[in-house]
Amino acid sequence: DPADAAGAAAAAAADADALPPLTMRVEAVASLLADLASRDNSGHATPAERPANRILCFSRFPAVRQRLRELIGESVRHSESVPEFQADDEIGILLLSPKSCGVGLNLMQANHVVLVEPSFRAATEDQAYARAARMGQTRTVHVHRFVVADTIEARVVEQQGRASTSIRDIFA
């Protein structure tokens with residue numbers, strides 16, 4: 001029946017909008033977050049209640065952040081509250097939207113920045129990095145970008161790299 005097929009297609013589309021399917025990217029991000037939170041930069045294990053690495057994890061999609069919370073579970077304390085992350089050293093991961101990178105947001109407690117999806121605006125990624133890499137930061141800030149190979153996003157990221165290199169060459 002065409003009406004049933006149309007209804008099923010609409011329901012599938014609504015489900016796809018509500019929660020993107022679990023992807024290898026999200027699983028890889030969750031694995032990286034757990035690993036970074038459980039080790040110091042030398043690779044030594046650290047107690048869960050006192051993570052050596054503090055991580056800012058940016059995703060544009062609330063459903064992805066929700067899925068990351070589910071995958072991380074209780075293994076690492078995490079939050080979506082900036083004041084809570086700033087005040088509590090036992091919270092290892094802050095999950096947030098790139099839109100929350102407003103002017104003046106200072107998150108120097110973090111030494112890792114994870115970008116789940118690339119932004120097609122380089123300034124957005126620069127702002128995410130700048131939240132942790134402020135004057136007075138005493139630790140090296142590491143950036144982890146997840147880009148799926150052989151996709152449009154990989155091509156755009158490659159073109160952005162060429163464009164920024166060209167602009168740097170002009171002003172050098």
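Residues numbered from 1 in each chain as written. Predicted model: local features only at pLDDT ≥ 70, side-chain atom pairs only at ≥ 80, totals over all residues. Heavy atoms only, no water.

Draft legend 1. Quick peek at the nonpolar core. By size, the foremost hydrophobic cluster in this structure holds 18 residues, and its most contacted members are Val 29, Leu 33, Ile 55, Cys 57, Leu 68, Ile 93 and Val 114. Top element by residues in this core is helix α2 (residues 24–38). It accounts for seven residues. Residues Leu 56, Phe 85, Leu 94 and Val 141 belong to the second largest nonpolar core, which totals 15 residues. (Core = buried A, V, L, I, M, F, W, Y, C linked by side-chain atoms within 4.5 Å. Buried < 20%, exposed > 50% of the residue type's maximum accessible area, 1.4 Å probe, protein only. Helix = DSSP H or I, 4+ residues; strand = E, 2+ residues; numbered from the N terminus.)

Draft legend 2. Just the pairing of strand β1 (residues 55–58), in detail. By the alternation rule, side chains of β1 split into Ile 55 and Cys 57 and Leu 56 and Phe 58, which are all buried. Across four bridges, the pairing between β1 and strand β3 (residues 93–96) is parallel. The residue of β3 that forms the bridge with Cys 57 is Leu 95. (Pairing = 2+ DSSP bridges.)

Draft legend 3. Looking closely at the side chain of Arg 131. The residue Arg 131 is located in helix α5 (residues 122–132) in this model. Despite its burial, Arg 131 remains without a salt bridge, the nearest opposite charge being carried by Asp 126 at 10.0 Å. Among the polar contacts listed, one links the side chain of Arg 131 to the backbone oxygen of Gln 127, at a separation of 2.9 Å. (Lys, Arg positive; Asp, Glu negative; His and termini not counted. Salt bridge = Lys/Arg side-chain N within 4 Å of Asp/Glu carboxyl O. Polar contact = N/O pair within 3.5 Å; in protein donor to acceptor, adjacent residues only side chain to side chain.)

Draft legend 4. Local environment of the sheet that holds β3. Strands sit in the order β2-β3-β1-β4-β5 across an open sheet of five strands; the sheet is parallel. Lying at the two open borders of the sheet, with one neighbouring strand each, are β2 (78–79) and β5 (142–145). In the packing of α2 onto the sheet, contacts are made with β1, β3, β4 (112–115) and β5, and the angle to β1 comes to roughly 170°. (Contact = heavy atoms within 4.5 Å. Axes fitted to C-alpha atoms, helices over the stretch in contact; angles between N-to-C directions.)

Draft legend 5. Geometry of the pattern of salt bridges. In the structure shown here, the tally under the stated rule is nine salt bridges. The salt bridge partner of Glu 70 is Arg 67, with a shortest N-O separation of 2.8 Å. Residue Glu 70 and its partner Arg 67 are both found in helix α3 (residues 62–72); the two are separated by three residues, about one turn of the helix. Through salt bridges with shared partners, a single network forms among Arg 65, Arg 69 and Glu 80.

Draft legend 6. Summary view of the side chain of His 112. Its place among the elements puts His 112 in strand β4. When its relative accessible area of 3% is taken as the criterion, His 112 is described as buried. Separated by 3.4 Å, the side chains of His 112 and Asn 53 make a polar contact.

Draft legend 7. Looking closely at the packing of α2 against α3. It is the contact of α2 with α3, at a shortest axis distance of 10 Å, that shows an interaxial angle of 50°. When the axis of α2 is compared with that of α3, the two are oblique. Relative to α3, the crossing made by α2 is right-handed. Residues Val 26, Glu 27, Val 29, Ala 30 and Leu 33 of α2 form the contact with α3, whose participating residues are Val 64, Arg 67, Leu 68, Leu 71 and Ile 72. Taken together, the residues of the contact of α2 with α3 sort by class into eight nonpolar, no polar and two charged. (Parallel < 35°, antiparallel > 145°, perpendicular 65-115°, else oblique. Left-handed = near helix turned anticlockwise from the far one by under 90°. Nonpolar A, V, L, I, M, F, W, Y, C, P; charged D, E, K, R; others polar.)

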